[in-house]
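Descriptive analysis of the structure
For reference, the chains in residue letters:
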Amino acid sequence: MSDDAEAAARADAEERTDRGRADRVAVTGTPGTGKSTATALLEDEYDVIHLNERIKSDDDLWTERDADRDTLVADLDAVRDHLGDWTGVLDSHLAHRFDVDRVVVLRCRPEAIESRLAERGESSETAAENAESEALDVILSEAVAEHGAENVYEVDATDREPAAVADAIRAAVEGEREPSAGTVDFIDYI
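Residues numbered from 1 in each chain as written. Predicted model: local features only at pLDDT ≥ 70, side-chain atom pairs only at ≥ 80, totals over all residues. Heavy atoms only, no water.

Moving on: the environment of Arg-109. Here Arg-109 shows up in the loop between strand 6 (102-107) and helix 5 (110-119). Among the residues examined, Arg-109 registers a relative accessible area of 25% and is labelled partly exposed. When near neighbours in sequence (up to four residues on either side) are disregarded, Arg-109 contacts Thr-158, Asp-185, Phe-186 and Asp-188. (Helix = DSSP H or I, 4+ residues; strand = E, 2+ residues; numbered from the N terminus. Buried < 20%, exposed > 50% of the residue type's maximum accessible area, 1.4 Å probe, protein only. Contact = heavy atoms within 4.5 Å.)

Here it is, written out as structure tokens:
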């Protein structure tokens, strides 16, 4: 390897290990993975936007109610306008659909998602649909397609305490960990 090639390789390695703090970070994942619980622990350090709560509280941010799922259909353009020039941590299963520097995708065993959603009072159909979505990597795939694998950080939250999940999110925000898309696999659920 030439001296120039070695210098370029060293520079690339340094860039990967010290990515610096990101201004806009999406924390996304299938409902029930622990996004809101973990991001609530970061509110003293970052501006955390709990997007689902904003959508529910502002009729201008959604277009209709999906009666089958008993959910609101977000108007993503209206939400973008509402957010404006924001910085911080955006918490929602939709967060990866916005302009961000990094995406943290929380993952959780599908069986745990079913159980958590049932405890919240979701229908068995909704719980099963979300568990299957998690097993098929739907949100991870969308995040990688939208932002590239080099900007996606996968965190398996199944057996982690919320504080440990918050620590993993913090490490991604601060650039203290490497991107890790494709490291969690729940396909055995299917």
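From this point, things continue past the structure.
The pairing of strand 3 (residues 62-66) with strand 4 (residues 71-74) spans four bridges and is antiparallel. Counted as the bridge partner of Asp-66 is Thr-71 from strand 4. The turn linking strand 3 back onto strand 4 is made up of four residues, and Asp-70 within it adopts a positive phi angle of 50 degrees. (Pairing = 2+ DSSP bridges.)

Turning our attention to the layout of surface pockets. By volume, the largest pocket amounts to about 1,400 Å³. In terms of lining, the largest pocket is formed by 47 residues, of which the most central are Pro-31, Asn-52, Thr-71, His-93 and Asn-130. At the level of secondary structure, the elements contributing two or more residues to the lining of the largest pocket comprise helix 2 (35-40), helix 3 (51-57), strand 3, strand 4, helix 5, helix 6 (124-135), helix 7 (138-147) and helix 8 (162-174). At five residues, the largest contribution of residues to the lining of the largest pocket is made by helix 3. Among the residues making up the lining of the largest pocket, the classes are represented as 16 nonpolar, 16 polar and 15 charged. (1 Å grid on protein atoms, 1.4 Å probe; cavity = no way out; pocket = protein on both sides within 12 Å on 5 of 7 lines; lining within 4 Å. Points joined across faces, edges and corners; volume = space filled by probe spheres on them. Nonpolar A, V, L, I, M, F, W, Y, C, P; charged D, E, K, R; others polar.)

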